[in-house]
Amino acid sequence: MSYIEYEPEREAILEVFSNFKIESYCEIGYSNGHTFDLIPCKDKLAVDPSPKRRALSHEVIEKTSDDFFSENTKNFDCFFIDGDHECSQVSRDVKNALKFLNDGGIIFMHDISPIDFSLVNPQGCGNTFRPFLEVRCDKKLEAFRIKDCGPYGLGLVRKGSQETIDIPDSLSSDLDFYEFMHSDLDRIMNTKSLEEIL
């Protein structure tokens, strides 16, 4: 989905902001600005090649995320990735965000664990869960699926270390990866409450 629409997601984001010193924010995928407006941060910008409305007091850069990152020179305390929901694009967005993430910073990933496979489509969650699975394989990162955050799933990624997962080589289709994820969702996606994460 293109924005935060469930109250548990909003509450989780605001709780993270209240516990971390986040002074700069970059949102990949602005759409209608619902998530952007929620963020209690003065230094913030959004990136969207076709925003559905303009920000009132902050900058919206009308470029693809690839173009933005290729020209960007600024680091941020927080990224929110909710742009193009195609697997390879989300993977690039995460990798690029990590290059410009300040020490102690965090990355939110939206749509990482849709509750039903019918949501795995370009108008829904896409296959964003696959890049999150990739992140769960990285020993130099720490990734969590935030517990009880609605039907789409909200992830938090930061630099650190984690007990990684092994993805079977036999998986190829979105359905394969989806079924693997849901075979042991809480372990594979490292589901934790905010209290445990913070």
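This text gives an overview of the structure that appears in the document. Since we're looking at a predicted model, the values are computed, not measured. (Residues numbered from 1 in each chain as written. Predicted model: local features only at pLDDT ≥ 70, side-chain atom pairs only at ≥ 80, totals over all residues. Heavy atoms only, no water.)

### With respect to the sheet that holds strand S1 (residues 24–28)
By way of backbone hydrogen bonds, the strands of a sheet pair with one another, either parallel or antiparallel. Defined as follows: Note on pairing: DSSP must find at least two bridges between two strands before they are called paired. Here a strand is any run of E in DSSP of at least two residues, a helix any run of H or I of at least four, and the numbering for each starts at the N terminus. By definition in these notes, contact holds between two residues if any of their heavy atoms fall within 4.5 Å. Axes here refer to lines fitted to C-alpha atoms; in helices the fit is confined to the stretch in contact. Angles between the N-to-C directions go from 0 to 180 degrees.
Pairing within the open sheet is mixed, and its 8 strands lie in the order S3-S2-S1-S4-S5-S7-S6-S8. Either end of the sheet is taken by a strand with one partner, and the two such strands are strand S3 (59–61) and strand S8 (191–192). Relative to the sheet, helix H4 (residues 87–99) contacts S1, strand S4 (76–81), strand S5 (101–110), strand S6 (141–146) and strand S7 (154–159), its axis offset from that of S5 by approximately 160°.

### Quick look at the pattern of salt bridges
Side chains that carry opposite charge are capable of pairing whenever their charged atoms lie near each other. Under the convention used in this document: A carboxyl oxygen of Asp or Glu within 4 Å of a side-chain nitrogen of Lys or Arg is what we treat as a salt bridge. The cut-offs for exposure are 20% and 50% of the maximum accessible area for each residue type, with area from a 1.4 Å probe on protein chains only; residues under the lower value are buried, those over the upper are exposed, and the others partly exposed.
Throughout the structure, instances matching the rule amount to 10 salt bridges. For the salt bridge of Arg 92 with Asp 66, the shortest nitrogen-to-oxygen distance reads 3.0 Å. In this pair, Arg 92 is assigned in helix H4 and Asp 66 in helix H3 (residues 65–71), connecting sequence segments 26 residues apart. Since its relative accessible area comes to 27%, Asp 66 is described here as partly exposed. Salt-bridge contacts for Arg 145 lead to Asp 186; the nearest nitrogen and oxygen are separated by 3.6 Å. Placement of the pair is Arg 145 in strand S6 and Asp 186 in helix H7 (residues 185–188), with a sequence separation of 41 residues. Exposure remark for Arg 145: the relative accessible area of 14% places this residue in the buried category. On the basis of relative accessibility, which here comes to 47%, the residue Asp 186 falls in the partly exposed class.

### Regarding the layout of surface pockets
Let me state the cut-off plainly: Using a grid of 1 Å spacing that covers the protein atoms alone, one calls a set of points a cavity when a 1.4 Å probe fits there but cannot get out, and a pocket when the set is open and has protein on both sides within 12 Å along at least five of seven lines; lining residues are those with an atom within 4 Å of a point. Grid points are joined across faces, edges and corners, and a volume is the space filled by probe spheres set on the points. Charged residues are taken to be Asp, Glu, Lys and Arg, nonpolar residues to be Ala, Val, Leu, Ile, Met, Phe, Trp, Tyr, Cys and Pro, and polar residues to be all remaining types, Gly included.
Roughly 540 Å³ of internal volume is contained in the largest pocket. What lines the largest pocket is a set of 28 residues, among which Gly 29, Asp 82, Gly 83, Asp 84 and His 85 lie closest to the centre. Here the lining of the largest pocket is built from residues that sort into 7 nonpolar, 14 polar and 7 charged.

### Section: the side chain of His 85
The test is simple: Nitrogen and oxygen atoms within 3.5 Å of one another constitute a polar contact, given that in protein one can donate a hydrogen and the other can accept it, and given that sequence-neighbouring residues count only through two side-chain atoms.
The residue His 85 is located in the loop between S4 and H4 in this model. A polar atom in the side chain of His 85 sits 2.4 Å from the backbone oxygen of Gly 83.

### Let's talk about helix H6 (residues 174–183)
Selection criterion: Note that the arc is computed from the directions linking the helix axis to the C-beta atoms.
Within the span of H6, buried status applies to Phe 177, Tyr 178, Phe 180 and Met 181. The buried side chains of H6 occupy one side of the element, clustering within an arc of 165° when seen end-on. For H6, the secondary structure elements touched by its buried residues are helix H5 (129–135) and H7.

### Some details on the nonpolar core
Applicable threshold: Only buried residues count toward a nonpolar core. Its members are Ala, Val, Leu, Ile, Met, Phe, Trp, Tyr and Cys residues joined through side-chain atoms within 4.5 Å.
Among the nonpolar cores identified, the biggest contains 36 residues, and Phe 68, Phe 79 and Ile 107 are the most heavily contacted of them. In contact with Phe 68, not counting residues within four places along its chain, are Cys 26, Ile 28, Leu 45, Val 47, Ile 61, Lys 63 and Phe 76. Membership of the second largest hydrophobic core comes to 23 residues, among which are Ala 12, Tyr 25, Ile 146 and Ile 197.

### Comments concerning the environment of Thr 64
Secondary-structure assignment places Thr 64 in the loop between S3 and H3. Taking the C-alpha atoms as reference, Thr 64 lies 9.1 Å from Gly 29; in sequence the two are 35 residues apart. Within the structure, the side chain of Thr 64 is placed 3.1 Å from the backbone nitrogen of Asp 67, a separation counted as a polar contact.

### Regarding the packing of aromatic side chains
Put simply, the rule reads: Pairing of aromatic side chains requires ring centres within 6.5 Å, counting the rings of Phe and Tyr and the six-membered ring of Trp. Pairs whose planes differ by under 30 degrees are stacked, by over 60 edge-to-face, and all others tilted. We call a charge positioned above a ring when the Lys NZ or Arg CZ atom is no farther than 6 Å from the ring centre and deviates by at most 35 degrees from the ring normal.
Within the structure shown, the criterion is met by 10 aromatic pairs. Considering the side-chain rings of Tyr 25 and Phe 36, the 6.4 Å spacing of their centres and the 45° angle between planes classify their relative orientation as tilted. With Tyr 25 in strand S1 and Phe 36 in helix H2 (residues 34–38), this pair connects stretches of sequence that are 11 residues apart. Grouping residues by exposure puts Tyr 25 and Phe 36 together as buried. Both rings, one in Phe 129 and one in Tyr 178, keep their centres 5.9 Å apart while their planes meet at 75°; by these two values the pair is edge-to-face. Within this pair, whereas Phe 129 is found in helix H5, its partner Tyr 178 is found in helix H6, the two being separated by 49 residues in sequence. Members of the aromatic cluster, connected to one another through ring pairs, are Phe 68, Phe 69, Phe 76, Phe 79 and Phe 100. Over the ring of Phe 36 we find Lys 44; its NZ or CZ atom is 4.6 Å from the centre of that ring.

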